[in-house]
Amino acid sequence: MTLTITAGREQTRARYPDEHGHVERDGVRLFWERYGDGEPTILLLPTWEIVHSRFWKGQIPYLARHTRVVTFDPRGNGRSDRPQGFEAYRRREFAADALAVLDAAGVDRAVVVTWCDMGEALILAAEHPERVAGLVFIGPSLRLDEPDHGQYPFDADPGTGEGWAKETRGYWLRDWPGYVEFFFAQCLTEPHSTKQIEDCVGWAGDTDMETILDGFRGWETKIIDPVEVAALCPRVRCPVLVIHGTEDAQVGPSVGAALADELGGRLVLLEGAGHAPHARDPVKVNQMVASFAGIGPAPAPRTWTRALRRPRRALYLSSPIGLGHARRDLAIAQELRALVPGLEIDWLAQDPVTRVLEAEGERIHPASAWLANESTHIERESAEHDLHAFQAIRRMDEILVANFMVFHDVVREQPYDLWVGDEAWELDYFLHENPEQKRAAYAWLTDFVGWLPMPDGGDREAFLTADYNAEMIEHIARFPRLRDRAVFVGNPDDIVADRFGPGLPPIREWVEGHYDFAGYVTGFDPAGVGDREELRRRLGYRPDEQVCVVTVGGSGVGGHLLRRVIAAYPEAGRLVPGLRMVVVAGPRIDPASLPVHDGLEVHAYVHGLYQHLAASDLAVVQGGLTTCMELTAAGRPFLYFPLAHHFEQNFHVHHRLRRYNAGRRMDFATATPEVIAAAIAQEIGRPVDYRPVETDGAARAARLLAELL
Amino acid sequence: MTTRATSERRRPPEQTRARHPDAEGFVERGGVRVFWERHGDGEPTLLLLPAWSIIHSRQWKAQVPYLARRYRVLTFDGRGNGRSDRPAGAGAYDDGQYVADALAVLDATGTRRAVLVGLSRGGRWAVELAAARPERVLGAALIDPALPFMAPLPREQGYPFEEELDSTEGWAKFNRHYWLREYRDFLEFFASQAFSEPHSTKQIEDMVGWGLETSPETLVATQLGAQPASREEVEAVLRRVRCPVLVVHGDGDRVRPHAVGAAVAELTGGALVTVEGGGHCPQARHPVRINLLLREFVESLGGMAR
C-alpha cells in the first residue's frame, strides 16, 4: 500500500507553550517554544529534519510541570525555514542553531536531551561546555569505529526496492512516502506501534522530499565522522546519560554503549525497545530524564504516617469525557463509604466531571488542576454530529501520557489503598505498559469492551482496532494480577456478539472470563424520584403539558443535534398540542449560541437532570449510554441519535438498548426537522414496555471494590 | 583495663547480624579507646554517629546492611558503651569529647569527607561537627535531634536528676539515685517512652539489652557530661551549618519534642520530614522509611545537584 503523506491537522496538545518565537541566524529563521519555568532548563533538541519538535510530545507536558523546557523545529521542517544546499544541513549548523535558540529564550545553561544524535549535541557539549549542564542521548548514532555507510550506496541503483534498498536516491524519487513509512517502521519495531509510526510519518509530511534530499548524501555524510567523535568526546565535561534500546534496528545498542564508555557516562539499556523509546515508552523515559535532571515529584514527603495510623484512602478516576460516568461513580463512591466506614476518597478529575463532584461536596485532588482536558480534545475531534471515537482516543495519546504522569506524581506523594479507574484509559494502559508502577489495589470499571471498526474505515481501521484489542488482551494475559478487579457495568447479555478481531476471541466469552458484572449503575434510585405527578409538580411541569426534554450529554459535541431539534420545534408544536420543549445545552455549550423560538426553553447545565428526564413525556438525546439508560430505567419514550462514526454509540449502546427494547434510533443524516417533528408526535407520551433496569448496580459494584479495602 | 575486661565479659551473645564489618578497629584519644567499624566501600562515606550511651552502634543495625551495599558506612560505639572504653567522670563525656571522637574515627579510617547521620544526642554532635569542620561534612541527616533548647523536656519537669525524690513514678525514674538502685526498671521505662508506638516490644528489649551492657555509674557520668547551652548559643551553631540538612522527627516523640526538629530544620534551612505517630527512634521502629529517606538524601547530594 502506498501512503500519501499529507500534513495532518495537529492533534490537541496536552500543554501549549508559554512563549514562542522565531530566531534568525545567518538568514535562517528557527521556530522555538518554551514551556514552564524553573531550573535547570531542559533543551529537547530536534534530530535531523525528517521530524520536528512535536516529536517530544510525550515528554514536554511532564517535564514542563517541573521545570523550564525549550524545544525548536530543525531547519528543514516544522515552522523553521528550509534553507537550500547541502552545507546548510551540516550538523555544526544544528549545534549553532541550538545556541541561538538558547540565547533567544534567555537560557544560559541547559540539560540537553537528544534523539539519534548525529553530532549536534556532542559538538554543543564539547565546544560550549558552559552552556550544557548535562547530556542525555537517546539512541545516538555516533560511532567511534567506522562510519555508517548504510546498507546500499545512496546514489547507486541497488536493483531492488526491498528493505534498506529504499534508502537510495532512486527510490526516494519514485516512492518517497514508501521510504518514510519503511524508515519509521524501522524506528518503532515494537508491536502495537501504529500510532507512533503514523505520527512520525505525519511529521515527515510537514516537510518535503526535496528538502530532505538537499541535506542528504548518505549517512556517512550526515553523521559526523568517527574521528571527529573521538576528538570531541574528551572535551565533554558534563554528566552524561545514554539510553539505548536493545532491539534498536537503526543503530545497535553497542553504539550507545561505546559512546557512554568513551564519555564516562551512565548507560541504560531498555530491553526489547527500539530506536525511539521516548515515543514508545514515554513513562520510563520521562522518569529517567527527570531523575537525571534532578526534577520530578518531591523526593521525600514532608509527612510520613505510620501504616497502621492511616485512614483507608481511595483515589477515584472518573472518565472525564462528558458527564456520563460522574453520577454512577458518585453512587458507587457513596455505597463504598457505607461499606467501609472512615474511607476517604479523593477524585482525580476534570471538567465537566468536577462540576458534579463539587456540587456534591466531594474532595477533588488539587493535582487535578494539572490534568489536560479530554473533553476539549473530543470536541475538537468532532464534526457535525460526527465523532470518530476510536481515532479520537488514539489521537489523545499525548494527553493520556501527560495525565498518567500527573497520576504518577500524585501516588508517589500520597499513598492510597485503592485506585479506581472508571474508563480511565491513561491509568489502565500505562499501568500495563509500566507494571512496576503499581503500588495499590487497582479496580477497573467499564461499560463496554472492544474497539470496533466502523464499516467505512475499511481494512485499515479493522486492522487498527484489532491491534488495539490484541494489545489489551496481551496486557491482561501477561499481567493478570494488575487489575485486582475488573467490573463490567452491565450484564453479560449487554455484550456485543462480535469478536475482538481476526484470530482473536469472541468479546463476550473473553469478558465473561475476565470481569465481574455489577449490573447497570444508573446512579440514582428511580423509586427515590418519587411519584411522577408529584415530581412534575415540583419541577413546574403542568399535567396538561406534553414535555419534551432535549439533551446531548456533558460534552460540547452535541450542538448540531440541538439546532436540528430546535428547527423541528415549530412543526412539532403544530403536531402536538400543549408541547413544551425544554433544551438542556449542558455544561460546555453556551445556551446563548442556540436559536430562540417563542415558547422554547433553553437551559445551561442542570444538576439532577435525570429527574427532568423521568418527569418528561419524551426525550430527544444523543446515543450515549448513560442518558439512554436513565430514560430506560425511568420508563420514558425517547429518540436517540448515535453520533456518526462513534463505534460505542453505534454498536455497543445500540445493542444494549435493543436488549432493553428501549428508545427509537434515529439517523442524523436523514432526519430533517420534519422527520424529527413527526417522530416526536408519534413517540411522545407513548406507553413503553422496557426490560426493567436493576437498581442495585452501585451497591454491587461497591461490594466488589470494598473487598479490596 | 579492668573496666574493659568487665564490660567484655558482660556482653551477652549478639543476635545474628545481617552483615558483618569489612574492617574494624580502635582509635585511642587521651587514653580512651573508641571502637569503630567500616561496612562497604562505595561513595560517599556515611558516618552513623552514636547517640546517648544508653545504647551503642547496634542502634543502626537496620540501616547498615542496606546503606553499605551502596555506600561506605562508618559506625562507632560512643564512649561509655559497646566495645568502647568507659572512662570515669563526667568530664570524659562532655559533648566535645564525642565530636572529637567522631573526627578521630574519620581520620583513623582515612575519610576526608562524610555524610553525617545523627540520632538524638548524635544529632547535636553532627551539627557541631558540621559547623566547626565544614570541609569534612557533605551533609547532615538529623533524626529526632537533641539540641538543648526549647526546655523543659518531660524529664526535667519537676524531677531534679541529682536529688533524692519521693516519687519513683514516670519521669521521676530519670534520677541518678533511682538508676543506681533500679537500673533495669529505669531502662525499661525509658525504652517504653522512646518507643511510644504500639507493638514495639522487640525494639524496647533491644534498647534495654544495650543499656545493660554499660553500668548505671557510667550512665550517670554521661548524663552529667551533657552540657547545657543557651538558646542563643544553640541558634548560633545551627546558623553556621552550611551543608544540606535533612531533619526527620516523629510527632509522637516523648523524649525530644517534634518542635525541636522543626526549629533545627528552620534554622539550618534544612528539609523536615515528620513521621506522623512516630516515637523517638524511628530508625529502629520504621527502618524502611528511614533507609529510603537516607538514600534519597545522599543521592540528592550527588549527581547534577552538586
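One can find the structure itself at the top, above this paragraph.
Residues numbered from 1 in each chain as written. Chains lettered and ligands numbered in written order. Predicted model: local features only at pLDDT ≥ 70, side-chain atom pairs only at ≥ 80, totals over all residues. Heavy atoms only, no water.

What follows is about the overall build of chain A. Secondary structure summary: chain A contains 28 helices and 22 strands in total. At 28 Å, chain A has a C-alpha radius of gyration in line with the 27 Å of a compact globule built from 709 residues. The C-alpha extent of chain A, read off along each of the three principal axes, is 90 × 65 × 50 Å. For chain A, long-range pairs separated by at least 24 residues make up 73% of all intrachain contacts whose partners lie at least 6 apart in sequence. Carbon and sulfur atoms make up 49% of the accessible area of chain A, which totals about 26500 Å². (Helix = DSSP H or I, 4+ residues; strand = E, 2+ residues; numbered from the N terminus. Rg over C-alpha atoms; globule rule 2.2 N^0.38 Å. Contact = heavy atoms within 4.5 Å. Areas by Shrake-Rupley, 256 points an atom, 1.4 Å probe, with all protein chains shown as cover.)

What follows deals with the environment of Ala567(A). Residue and element names in this part refer to chain A. On the secondary structure map, Ala 567 appears in helix α22 (residues 559-567). Residue classification places Ala 567 among the partly exposed residues on the basis of a relative accessible area of 40%. Taking C-alpha positions, Ala 567 is 9.1 Å from His 597, a pair spaced 30 residues apart along the chain. (Buried < 20%, exposed > 50% of the residue type's maximum accessible area, 1.4 Å probe, protein only.)

Right, let's get into the pattern of salt bridges. Inspection of every chain in the model, using the stated rule, returns 84 salt bridges over all chains. Where Arg588(A) meets Asp351(A), a salt bridge forms, and the shortest distance between an N and an O atom there is 2.6 Å. With a gap of 237 residues between them, Arg588(A) in the loop between β18 (579-584) and β19 (601-603) and Asp351(A) in the loop between β11 (344-348) and α13 (353-359) connect regions that are remote in the sequence. Note that Asp101(B) is salt-bridged to Arg29(B), the shortest N-O span being 2.9 Å. With a gap of 72 residues between them, Asp101(B) in helix α3 (residues 95-108) and Arg29(B) in strand β1 (residues 23-29) connect regions that are remote in the sequence. Note on Asp101(B): relative accessible area 2%, which makes it buried. Through salt bridges with shared partners, a single network forms among Asp493(A), Asp494(A), Arg508(A), Glu512(A), Arg656(A) and Arg659(A). (Salt bridge = Lys/Arg side-chain N within 4 Å of Asp/Glu carboxyl O.)

Residue and element names in this part refer to chain A. Counting 153 residues, the largest nonpolar core has Leu 122, Phe 137, Phe 184 and Trp 419 as its most contacted members. Considering every element that reaches this core, the biggest residue donor is helix α16 (residues 397-413), with 10 residues. Those residues within four positions of Leu 122 in sequence are excluded, and the remaining contacts are Asp 117, Phe 137, Leu 142, Ile 224, Val 229, Leu 232, Cys 233, Val 236 and Leu 263. Core analysis: the second largest hydrophobic core is formed by 61 residues, Leu 323, Ala 614, Leu 631 and Val 653 among them. (Core = buried A, V, L, I, M, F, W, Y, C linked by side-chain atoms within 4.5 Å.)

With that settled, the discussion passes to the state of the cysteines. In a disulfide, the sulfur atoms of two cysteines are held together by a covalent bond. One pass over the full model with this rule turns up 0 disulfides over all chains. Sulfur of Cys628(A): no disulfide; nearest cysteine sulfur belongs to Cys548(A) and is 14 Å away. (Disulfide = S-S within 2.5 Å.)

Bringing the interface of chain B and chain A into the picture now. Taken together, the contact between chain B and chain A spans 16 residues of the former and 15 residues of the latter. Counting each side, the surface lost to burial between chain B and chain A is near 1300 Å², with a carbon and sulfur contribution of 61%. There are 0 salt bridges connecting chain B and chain A. Summed over the shared surface of chain B and chain A, the result is 6 residue pairs in polar contact (both at pLDDT 80 or more). Secondary structure elements with two or more residues in the side of chain B that touches chain A: β8 (271-276) and α12 (287-301) of chain B. Among the elements that make up the side of chain B that touches chain A, the one with the highest residue count is β8(B) (5 residues). Across the side of chain B that touches chain A, the residue classes break down as 6 nonpolar, 5 polar and 5 charged. Alignment of strand β9 (residues 303-305) of chain A against β8(B), held across 3 bridges, turns out to be parallel. When the bridges of β8(B) are listed, Thr303(A) appears paired with Thr274(B). (Buried area = accessible area lost by both parts, 1.4 Å probe. Polar contact = N/O pair within 3.5 Å; in protein donor to acceptor, adjacent residues only side chain to side chain. Nonpolar A, V, L, I, M, F, W, Y, C, P; charged D, E, K, R; others polar. Pairing = 2+ DSSP bridges.)

All names here are of chain A. Ordered by their spatial adjacency, 8 strands build an open sheet running β1-β2-β4-β3-β5-β6-β7-β8, and the pairing between neighbours is mixed. Whereas interior strands pair on both sides, the edge strands pair on one side only; in this sheet they are β1 (19-25) and β8 (266-270). Geometrically, the sheet is characterised by an average inter-axis angle of 20° between neighbouring strands, direction not taken into account. Inspection of the sheet shows strand β3 (residues 41-44) paired to strand β5 (residues 110-115) by 4 bridges, in the parallel sense. Within β5, the position partnered with Leu 43 by the bridge is Val 112. Against the sheet, helix α2 (residues 91-104) makes contact with β1, β2 (28-35), β3, β4 (69-72) and β5, and its axis sits at roughly 130° relative to β1, the strand it touches most. (Axes fitted to C-alpha atoms, helices over the stretch in contact; angles between N-to-C directions.)

This part takes up the packing of aromatic side chains. All names here are of chain A. Per the counting criterion, the structure on display carries 52 aromatic pairs over all chains. Between Phe 404 and Phe 430, the ring centres sit 5.7 Å apart and the planes meet at 40°, which makes this aromatic pair tilted. Placement of Phe 404 in helix α16 and of Phe 430 in helix α17 (residues 425-433) is noted, with a sequence separation of 26 residues between them. There is no split in this pair, since Phe 404 and Phe 430 are both buried. (Phe/Tyr/Trp six-rings, centres within 6.5 Å; stacked < 30°, edge-to-face > 60°.)

The next point concerns the packing of helix α6 (residues 183-194) of chain B against helix α7 (residues 201-212) of chain B. Residue and element names in this part refer to chain B. Their axes nearest at 9 Å, the elements α6 and α7 cross at an angle of 140°. Between α6 and α7, the angle falls in the class oblique. When you trace α6 past α7, the crossing you get is right-handed. Here Tyr 183, Arg 184, Leu 187, Glu 188, Phe 190, Ala 191, Ser 192 and Ala 194 of α6 lie close against α7, whose contacting residues are Ile 204, Met 207, Val 208, Gly 211 and Leu 212. For the contact of α6 with α7, a count of residues per class yields 9 nonpolar, 2 polar and 2 charged. (Parallel < 35°, antiparallel > 145°, perpendicular 65-115°, else oblique. Left-handed = near helix turned anticlockwise from the far one by under 90°.)

So, about the sheet that holds strand β20 (residues 618-622) of chain A. All names here are of chain A. Strand order in this open sheet of 6 strands is β19-β18-β17-β20-β21-β22, and the pairing throughout is parallel. Looking at strand neighbours, the two that pair on one side only are β19 and β22 (664-665), the edges of this open sheet. Pairing analysis gives 3 bridges linking β18 to β19, with the strands arranged parallel. When the bridges of β19 are listed, Val 583 appears paired with Val 602. Packing against the sheet, α22 makes contact with β17 (546-551), β18, β20 and β21 (638-641), and its axis sits at approximately 165° to β18. Its contacts with the sheet put helix α26 (residues 647-659) on β20, β21 and β22, and the angle it makes with β21 is roughly 160°.

On to empty space enclosed by the protein, then. All names here are of chain A. Considering all chains together, one arrives at 10 cavities of 30 Å³ or more under this definition. When its volume is computed, the largest cavity comes out at roughly 880 Å³. Those elements that place two or more of their residues in the lining of the largest cavity are α12 (326-339), α15 (389-394), α24 (609-615), β20, α25 (625-634) and α26. Taken together, the residues that form the lining of the largest cavity break down as 24 nonpolar, 17 polar and 5 charged. If you trace the second largest cavity, you find 39 residues lining it, with Leu 400, Tyr 429, Phe 430, Tyr 468 and Glu 471 closest to the centre. Here the residues of the lining of the second largest cavity are counted per class, giving 19 nonpolar, 10 polar and 10 charged. (1 Å grid on protein atoms, 1.4 Å probe; cavity = no way out; pocket = protein on both sides within 12 Å on 5 of 7 lines; lining within 4 Å. Points joined across faces, edges and corners; volume = space filled by probe spheres on them.)

All right, on to the environment of Leu269(A) then. Residue and element names in this part refer to chain A. Inspection of the secondary structure puts Leu 269 in strand β8. Along the sequence, Leu 269 and Leu 315 sit 46 residues apart, while their C-alpha atoms lie 33 Å from each other. Ignoring anything within four residues of it in the chain, the contact list for Leu 269 reads His 244, Thr 246 and Pro 253.

Quick look at the pairing of β11(A) now. All names here are of chain A. With 4 of 5 residues buried, β11 lies mostly within the body of the structure. When strand β10 (residues 313-318) meets β11, the two strands line up parallel, connected through 5 bridges. When the sheet's bridge partners are listed, Ala 314 is paired in β11 with Ile 345. With respect to chirality, the unit in which β10 leads through α12 into the neighbouring parallel β11 is right-handed. Direction of pairing for β11 relative to strand β12 (residues 363-364): parallel, over a ladder of 2 bridges. Bridged to Trp 347 within β12 is Ile 364. (Right-handed = clockwise from strand over helix to strand, strands pointing away.)

Scope: geometric values only; no functional claims are made or implied.
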